[in-house]
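Structural overview
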Amino acid sequence: MSTKSKTATGNGSSNGTVANGEWPAQVRHLLVDLDGTLVRQQEAIDGAAALLAQFQDRYAIVSNNSTHTAQGLAKRLRRLGLRVPPERIVLAGELAVRQLAQQHPGARVLLIGSSALQRFAHAEGCDLVQEDADFVLLALDMHFSHARLAIAANELLRGARLIATNADATHPGPQGRVVPETGALLAAVIAASGRQPWRVIGKPAPLLFEEGLRRLGAEPGSTVVVGDNPLTDAEGAARLGMACLLVGQAPGAVAPTVAGLFRPSAAAREETPQYRLSESTSKVWRSVRTEVS
């Protein structure tokens, strides 16, 4: 399939797959996970650049990341060789802040999160406070401490409502290591306060997926989610009727990395980069399309 083509070509079968192993014709858009799918900390994963090049302006990154802003993350990805416009990056942290600012204007917010997210919240008009909060917004805070835990727990016991950007306990790091995520902090806050989240913004909840679809002008039936986590990526995709291709080490993964989703065609080896679905990916595609259709 040419990188300029919007659909695959070939003799399609009744379930939408293509006999020669190319991407099925109805796969017009991708929603792609970030950590564990495209990057691991400070390195791009094998095949990430090829996947984004394959779909050009027909993909969006949809991530539970709550540390960065889209602008900051786009710069980070560029250093890793992945050129992604900020407008095609949908992040749980930013979306949580925007939702709170738009739906609860004037609310007092105790935000536990990165400096970048604090600055973003201030720019969005949030009233950031350290006490007497209406909401505790919990994001990934690399400087989370016993003191911050105590402040959050007591604000919740006083009556503030808890919003978590996501509930992921970890995300994959280099060399098989794990990186503690917002969900690990959330477990501590719940244990200390006895209060459950009023709302969780990130995957598998639909909000990030819906925002990604909106930015692309895409329909669920012609969009595939590519991710590494069956509990967030696959579950969230299924809730909206989208197919999902999993990579990594999780049960149901079709390849160790996104590079395994493709095999070069004969023309690709001689001309411009072109890719076709691997045989294993085609089989999984047929399976997931049957399940969600």
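Our structure's up above, just so we're on the same page.
The structure reproduced in this document is the subject of the present report. (Residues numbered from 1 in each chain as written. Predicted model: local features only at pLDDT ≥ 70, side-chain atom pairs only at ≥ 80, totals over all residues. Heavy atoms only, no water.)

This paragraph deals with a negative patch on the surface. On the surface, Asp127, Glu131, Asp132 and Asp134 cluster together into a negatively charged patch. Given the relative accessible area of 35%, Asp134 is considered partly exposed. (Patch = residues over 30% accessible without salt bridge, like charges linked within 9 Å, V, L, I, M, F, W, Y side chains within 5 Å. Areas by Shrake-Rupley, 256 points an atom, 1.4 Å probe, with all protein chains shown as cover. Salt bridge = Lys/Arg side-chain N within 4 Å of Asp/Glu carboxyl O. Lys, Arg positive; Asp, Glu negative; His and termini not counted. Charge placed at Lys NZ, Arg CZ, Asp CG, Glu CD. Buried < 20%, exposed > 50% of the residue type's maximum accessible area, 1.4 Å probe, protein only.)

Turning next to the pattern of salt bridges. Applying the stated criterion across every chain, the model contains seven salt bridges. Measuring nitrogen to oxygen at the nearest pair gives 2.9 Å for the salt bridge that ties Asp33 to Lys203. Placement of the pair is Asp33 in the loop between β1 (29-32) and β2 (39-40) and Lys203 in the loop between β12 (199-200) and α7 (207-216), with a sequence separation of 170 residues. By relative accessible area, Asp33 is classed as buried at 7%. Here Glu211 ties to Arg215 by a salt bridge, and the two come within 2.7 Å at their closest N and O atoms. Taken together, the positions of Glu211 and Arg215, both in helix α7 and four residues apart, correspond to about one turn of that helix. According to the relative accessible area criterion, Glu211 is buried, its value standing at 14%. The network of salt bridges with shared partners includes Asp33, Lys203 and Asp233. (Helix = DSSP H or I, 4+ residues; strand = E, 2+ residues; numbered from the N terminus.)

Gaps left between atoms are located by rolling a probe of water-molecule size over the structure's atoms. Enumeration according to the criterion identifies one cavity of 30 Å³ or more in this entry. In this structure, the largest cavity encloses a volume near 40 Å³. Among the elements that make up the lining of the largest cavity, the one with the highest residue count is helix α3 (residues 92-103) (four residues). Within the lining of the largest cavity, the residues separate by chemical class into five nonpolar, three polar and one charged. (1 Å grid on protein atoms, 1.4 Å probe; cavity = no way out; pocket = protein on both sides within 12 Å on 5 of 7 lines; lining within 4 Å. Points joined across faces, edges and corners; volume = space filled by probe spheres on them. Nonpolar A, V, L, I, M, F, W, Y, C, P; charged D, E, K, R; others polar.)

Sheet architecture is open: five strands sit in the order β7-β6-β8-β9-β12, paired in parallel fashion. The sheet terminates laterally at β7 (127-128) and β12, the two strands that pair on one side only. Summarising the sheet, strand β6 (residues 108-112) and strand β8 (residues 135-138) pair through four bridges and their orientation is parallel. Following the sheet pairing, Ile112 is matched in β8 by Leu138. On top of the sheet, helix α6 (residues 182-193) reaches β8 and β9 (161-164); it is set at about 140 degrees to β8, its chief contact. (Pairing = 2+ DSSP bridges. Contact = heavy atoms within 4.5 Å. Axes fitted to C-alpha atoms, helices over the stretch in contact; angles between N-to-C directions.)

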